[in-house]
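One letter stands for each residue in the lines below.
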Amino acid sequence: MDYTPHTEEEIRAMLERVGAESLQDLFAHLPREVVNPEIRLPEPMPEWAVLEELSRLARENLPAHKAFLGGGVRSHHVPPVVQALALRGEFLTAYTPYQPEVSQGVLQATFEYQTMIAELTGLEVANASMYDGATALAEGVLLALRETGRMGVLVSQGVHPEYREVLQAYLEAVGAELRTLPLEGGRTPVPPVEEGVGAVVAQNPNFLGALEDLRPLAEAAHRAGALFVAVADPLSLALLKPPGALGADIAVGDGQVLGLPMGFGGPHFGYLATKKAFVRQLPGRLVSETVDVDGRRGFLLTLQAREQYIRRAKARSNITTNAQLTALMGAMYLAALGPEGLREVALKGVAQAHRLRSLLLELPGVSPFTPEPFFNEFVLRLPRDPQEVRRALAERGLHAATPVPGEYGERLALFAATELHEEEDLLALRDALAEVLA
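Residues numbered from 1 in each chain as written. Predicted model: local features only at pLDDT ≥ 70, side-chain atom pairs only at ≥ 80, totals over all residues. Heavy atoms only, no water.

A. The arrangement of unusual backbone geometry in detail. Each neighbour pair has its own omega, and for Asn204 with Pro205 the value is -10°, a cis peptide bond. The amide bond that connects Glu372 to the next residue, Pro373, takes the cis arrangement and shows omega of 0°. You will see that Ala401, though not glycine, has its phi angle at about 65°, which is positive. Assignment of secondary structure puts Ala401 in the loop between helix 12 (386-395) and strand 12 (402-403). (Helix = DSSP H or I, 4+ residues; strand = E, 2+ residues; numbered from the N terminus.)

B. Structural context of the sheet that holds strand 1 (residues 125-126). Strand order in this open sheet of 7 strands is 1-7-6-5-4-2-3, and the pairing throughout is mixed. Of all the strands in the sheet, just strand 1 and strand 3 (177-181) have a single pairing partner and so form its edges. Where strand 4 (residues 197-204) meets strand 5 (residues 227-232), 6 bridges bridge the pair, whose relative direction is parallel. The partner of Val201 across the bridge, within strand 5, is Val229. Contacting strand 2 (152-156), strand 4, strand 5, strand 6 (250-254) and strand 7 (270-274), helix 8 (residues 133-148) crosses the sheet at an angle of about 165° to strand 6. Along the sheet face, helix 9 (residues 161-174) touches strand 2, strand 3, strand 5 and strand 6 and points at about 155° away from the line of strand 3. (Pairing = 2+ DSSP bridges. Contact = heavy atoms within 4.5 Å. Axes fitted to C-alpha atoms, helices over the stretch in contact; angles between N-to-C directions.)

C. Molecular detail of the pairing of strand 2. Where burial is concerned, most of strand 2 is hidden: 5 out of the 5 residues are buried. Burial along strand 2 is two-sided: the residues Gly152, Leu154 and Ser156 and Val153 and Val155 are all buried. Relative to strand 3, strand 2 runs parallel, the two sharing 5 bridges. Within strand 3, the residue paired with Gly152 across the bridge is Glu177. (Buried < 20%, exposed > 50% of the residue type's maximum accessible area, 1.4 Å probe, protein only.)

D. Local environment of the side chain of Gln256. Its location among the elements puts Gln256 in the loop between strand 6 and strand 7. Within the structure, Gln256 has its side chain in polar contact with the backbone oxygen of Arg74 (distance 2.9 Å). For Gln256, the side chain forms a polar contact with the main-chain oxygen of Leu260, separated by 3.0 Å. (Polar contact = N/O pair within 3.5 Å; in protein donor to acceptor, adjacent residues only side chain to side chain.)

E. Inspection of the nonpolar core at higher detail. Within the largest apolar cluster, 34 residues are counted, with the highest numbers of intra-cluster contacts made by Tyr113, Leu258, Phe269, Tyr271 and Leu342. For this core, the secondary structure elements donating two or more residues are helix 5 (80-86), helix 7 (104-121), strand 7 and helix 11 (324-360). If you look at the next biggest cluster of nonpolar residues, it comprises 31 residues, including Ala144, Val153, Val201 and Phe278. (Core = buried A, V, L, I, M, F, W, Y, C linked by side-chain atoms within 4.5 Å.)

F. Geometry of the sheet that holds strand 13 (residues 412-416). Taken in spatial order, the 4 strands of this open sheet run 10-11-13-12, and their pairing is antiparallel. Every other strand in the sheet has two partners, leaving strand 10 (367-368) and strand 12 as the edge strands with one partner each. Lying over the sheet, helix 11 contacts strand 10, strand 11 (377-381) and strand 13, oriented at roughly 10° with respect to strand 11.

G. A look at the pattern of salt bridges. Across all of its chains, the model carries 20 salt bridges by this definition. Glu289 is the partner of Arg297 in a salt bridge, and the nearest nitrogen-oxygen pair spans 2.4 Å. Through salt bridges with shared partners, a single network forms among Glu53, Arg56 and Glu60. (Salt bridge = Lys/Arg side-chain N within 4 Å of Asp/Glu carboxyl O.)

H. View of the packing of aromatic side chains. This structure, assessed with the given rule, holds 5 aromatic pairs. Geometrically, the ring pair formed by Tyr113 and Phe269 is edge-to-face, given 5.6 Å between the ring centres and 80° between the ring planes. Within this pair, whereas Tyr113 is found in helix 7, its partner Phe269 is found in the loop between strand 6 and strand 7, the two being separated by 156 residues in sequence. Plain terms: the ring middles of Phe374 and Phe378 are 5.6 Å apart, the flat faces sit at 55° to each other, and that makes the pair tilted. Phe374 gets classed as buried once you look at its relative accessible area, which sits at 3%. Put simply, the rings of Phe374, Phe378 and Phe415 touch in pairs and so form one group of aromatic residues. (Phe/Tyr/Trp six-rings, centres within 6.5 Å; stacked < 30°, edge-to-face > 60°.)

Listed below in structure tokens is the structure:
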């Protein structure tokens, strides 16, 4: 069955409105190689030959095991139990659990995920997940704007630059105004919050890895009648106070560090948690616990705010789904490690990051940039272009020195360490970087 969302009459009306004669005319300004690219396919091959070719191509990838890359995506150990459970048919093939009478298993697993996220963030309600950290931030800010009825957003420069780009795109679509608050000394200063600002946003640890004091920022937001949105690395919450305890009204972040491989950028999942008072503004899905007519415990979807379920004008968000499988992998990871295991993973990452920083600062021309204290990522200023350093290290089998955008300064590179790194790994990176910088 074809998917035909628009009738011929609707398409003609749209073309007339934008002044185009046809759909081809509408896209005429695009390069031909984009609209109708030439596709060169190899000759047909037998199945075994295709598999051999795919294996050859896969061997050209450089594995990121024990990578020192940071910026929100890191290399962590994924317990085999996570992969084993995620591959079970009831999770791997699950679609939207609209019908509670046939979907109790998936609904309960999602409910457990929501409960874990709520406990990690110190907030009362978490939805069934978002696509990734960036979209979770955008939806969290839109929630704040709907709740406050304001259209101004103040976001710290310490929030991941790519998150801010996504947020800007979302806010432009609704006519909201975004203002960036520059860092001072690597941290977010407490800003004056003007009338009309509905959301103040900061990240902890911030993009440079530094720990932020969120409480004064939350208090400044509340004094002005705005909500405070905290972006948090969920692994850091094993050691740090949860955003809810520091005054955050909404907490968002990316779940890759909870049991998902780096996977060349995805798929991830985003989490979004908030206070019960704002539950009717929550985007996406929410699984709730209930009892049936016989008093037996059960689960069901509730409070879905998408326009598919309610009148379009009253929709809270047009997000169509959640990251069901990857979010459940996050829940499996949390259940496998437990609070103490998660704390051990976080502690070793912090210890190894601080050890790595001290080793790299031994090298001539390398200087610190991220202020202390920091978590498990940090930024250094290098004497060479970080892009060149990154490539040179990769040629030596080491993935490290993520280039930092120029808005923060010149020749800056981000490093990270996790529970996977031992002393010999840190020394190997120091020696390789010394060779590259020589």
